[in-house]
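# Reading the structure
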Amino acid sequence: MFNLSALENDALIEIFNIGVGQAAASMSTIVNEAVRMSVPSISFIPRAEAARLLGKTDSLPERICGVSQHFGGAFETEAILMFPEDKSLEIVRLMVGEAVPLKELTEMEQEAMCEIGNIMLNSCVGTLANIFQRELQGSLPRYHLGTSDEILTATGSQADGVVLMLHIDFLLERHQIHGYVAFVLDISALHDLQEQINLYIARAMGQG
């Protein structure tokens, strides 16, 4: 299985924390509430194992809401933001206010979640692109609802693909929501990512 060194792992968490920090600032504006986000852990696991783990996670019940985007450039990846289905409605409620009836809320959910996914995924990937000094272009966001396996399959990821899994804590003033961002990469993309991390580390240490 693909693994990063401790230094590479720490560097990648640092990069993603910058990205989710930018996403948190954007989300705060949308929901009109202070939002703090952090990436406490990342892991590289096979796609099939990722689906099993997500299916067993307390913070992600059987049915989850996902938003995916394909990114290409410095490396190819399918990025997916995932929340429990009930939490996605809670986030949409924060965006549009308490007065909107539930029926209208569910009708707005897909569009609102795509907007949130676009903010989150582009903040993470945009930070990678800026720090790696490389271009990464994203597709339009796509909305998914189903089991973790259905969502990972719907994004076109192969069963033998590797998933870079980010566990993200979302802390709002009155809410605590756990979400996940998954980056599905093939082995070539994994090595491209590792190469970019090491170039970043070398620059940070004044060797680039």
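Details of the structure are given in the entry above.
A few points on the structure. Not measured: the values here are computed from a predicted model.

## A word on the side chain of histidine 144
Here histidine 144 shows up in strand β5 (residues 142-146). The buried category is assigned to histidine 144, whose relative accessible area is 8%. Looking at histidine 144, its side chain comes within polar contact range of the side chain of serine 68, at 2.7 Å.

## Thoughts on the pattern of salt bridges
Applying the stated criterion to the full structure yields 1 salt bridge. Across the salt bridge formed by aspartate 149 and arginine 47, the nearest N and O atoms sit 3.4 Å from each other. Taken as a pair, aspartate 149 in helix α5 (residues 148-154) and arginine 47 in helix α2 (residues 47-56) lie far apart in primary sequence, 102 residues in all.

## Focus: empty space enclosed by the protein
To find the voids left in a structure, one rolls a probe of water-molecule size over its atoms. Counted according to the given criterion, the structure contains 1 cavity of 30 Å³ or more. Roughly 50 Å³ of volume is contained in the largest cavity. Around the largest cavity, the lining residues are Met27, Val35, Phe83, Ile91, Leu94, Phe170, Leu172 and Ile177. For the lining of the largest cavity, the secondary-structure elements that each account for two or more residues are α3 (85-96) and β6 (162-172). When its residues are assigned to classes, the lining of the largest cavity shows 8 nonpolar, no polar and no charged.

## Notes on the environment of alanine 79
Along the polypeptide, alanine 79 turns up in strand β3 (residues 77-84). The class of alanine 79 is buried, set by a relative accessible area of 0%. Through-space distance from the C-alpha of alanine 79 to that of phenylalanine 183 is 4.5 Å; in sequence the pair is 104 residues apart.

## Side note on the nonpolar core
Grouped together as the largest cluster of nonpolar side chains are 62 residues, with contacts concentrated most on Leu12, Met37, Leu164 and Phe183. At 14 residues, helix α4 (residues 102-132) tops the list of elements feeding residues into this core. The contacts of methionine 37, once residues within four sequence positions are left out, are Val20, Ala23, Ala24, Met27, Met120, Ile168, Asp169 and Phe170.

## Brief notes about the side chain of arginine 93
Its location among the elements puts arginine 93 in helix α3. Contacts of arginine 93, omitting those with residues within four sequence positions, involve Glu98, Ala99, Val100, Leu102 and Leu105.

## Focus: α3
In this model α3 runs 17 Å from its N-terminal to its C-terminal C-alpha over 12 residues, within 8% of the 16 Å that 1.5 Å per residue would give. Every buried residue of α3 is listed here: Ser88, Ile91, Val92, Arg93, Leu94 and Met95. Here the buried face of α3 lies against α1 (6-31), β2 (64-73), β3, α4, β6 and β7 (176-185). Positive phi shows up at glycine 97, right after α3, with a value of about 100 degrees.

## A look at the packing of α3 against α4
Between two packed helices, what matters for the description is the angle formed by their axes and the separation of those axes. Two elements in contact, α3 and α4, have axes whose closest approach is 8 Å; the angle formed by their N-to-C orientations is 90 degrees. Taken as axis vectors, α3 and α4 run roughly perpendicular relative to one another. Here α3 contributes Glu85, Ser88, Leu89, Ile91, Val92, Arg93, Met95 and Val96 to the contact with α4, which in turn contributes Leu102, Leu105, Thr106, Met108, Glu109, Ala112, Met113, Glu115 and Ile116. By residue class, the composition of the contact of α3 with α4 is 11 nonpolar, 2 polar and 4 charged.

Thresholds applied
Position labels on residues start from 1 in each chain and follow its written sequence. pLDDT decides what is reported in this predicted model: residues at 70 or higher carry local features, side-chain atom pairs at 80 or more are listed and counted, and totals for whole chains, interfaces and linings draw on all residues regardless. Water and hydrogen atoms were dropped before computing side-chain values, which therefore reflect all heavy atoms in the structure. Working definition: helices are DSSP H or I runs of at least four residues, strands are E runs of at least two. Numbering for both runs from the N terminus. Relative accessibility thresholds used throughout: buried, under 20% of the residue-type maximum; exposed, over 50%; partly exposed, between the two (1.4 Å probe, protein chains only). Within 3.5 Å is the distance limit for a polar contact, defined as a pair of N or O atoms, with the added protein rule that one can donate a hydrogen and the other accept it, and that residues adjacent in sequence qualify only through two side-chain atoms. Each salt bridge in this description consists of a side-chain nitrogen of Lys or Arg and a carboxyl oxygen of Asp or Glu lying within 4 Å of one another. Cavities and pockets are found on a 1 Å grid laid over the protein atoms alone: a cavity is a set of points where a 1.4 Å probe fits but cannot escape, a pocket is an open set with protein on both sides within 12 Å along at least five of seven lines, and a lining residue has an atom within 4 Å of such a point. Grid points are joined across faces, edges and corners, and a volume is the space filled by probe spheres set on the points. Throughout this entry, Asp, Glu, Lys and Arg are counted as charged residues, while Ala, Val, Leu, Ile, Met, Phe, Trp, Tyr, Cys and Pro are counted as nonpolar. The remaining residues, Gly among them, count as polar. Only buried residues count toward a nonpolar core, which is a set of Ala, Val, Leu, Ile, Met, Phe, Trp, Tyr and Cys residues joined through side-chain atoms within 4.5 Å. Here, two residues are considered to be in contact whenever any of their heavy atoms come within 4.5 Å of each other. A helix is expected to span 1.5 Å for every residue after the first. The axes are straight lines fitted to the C-alpha atoms, using for helices just the contacting stretch, and the angles between their N-to-C directions are given from 0 to 180°. An angle counts as roughly parallel when it lies under 35 degrees, as roughly antiparallel when it exceeds 145, as roughly perpendicular when it falls between 65 and 115, and as oblique in every other case.

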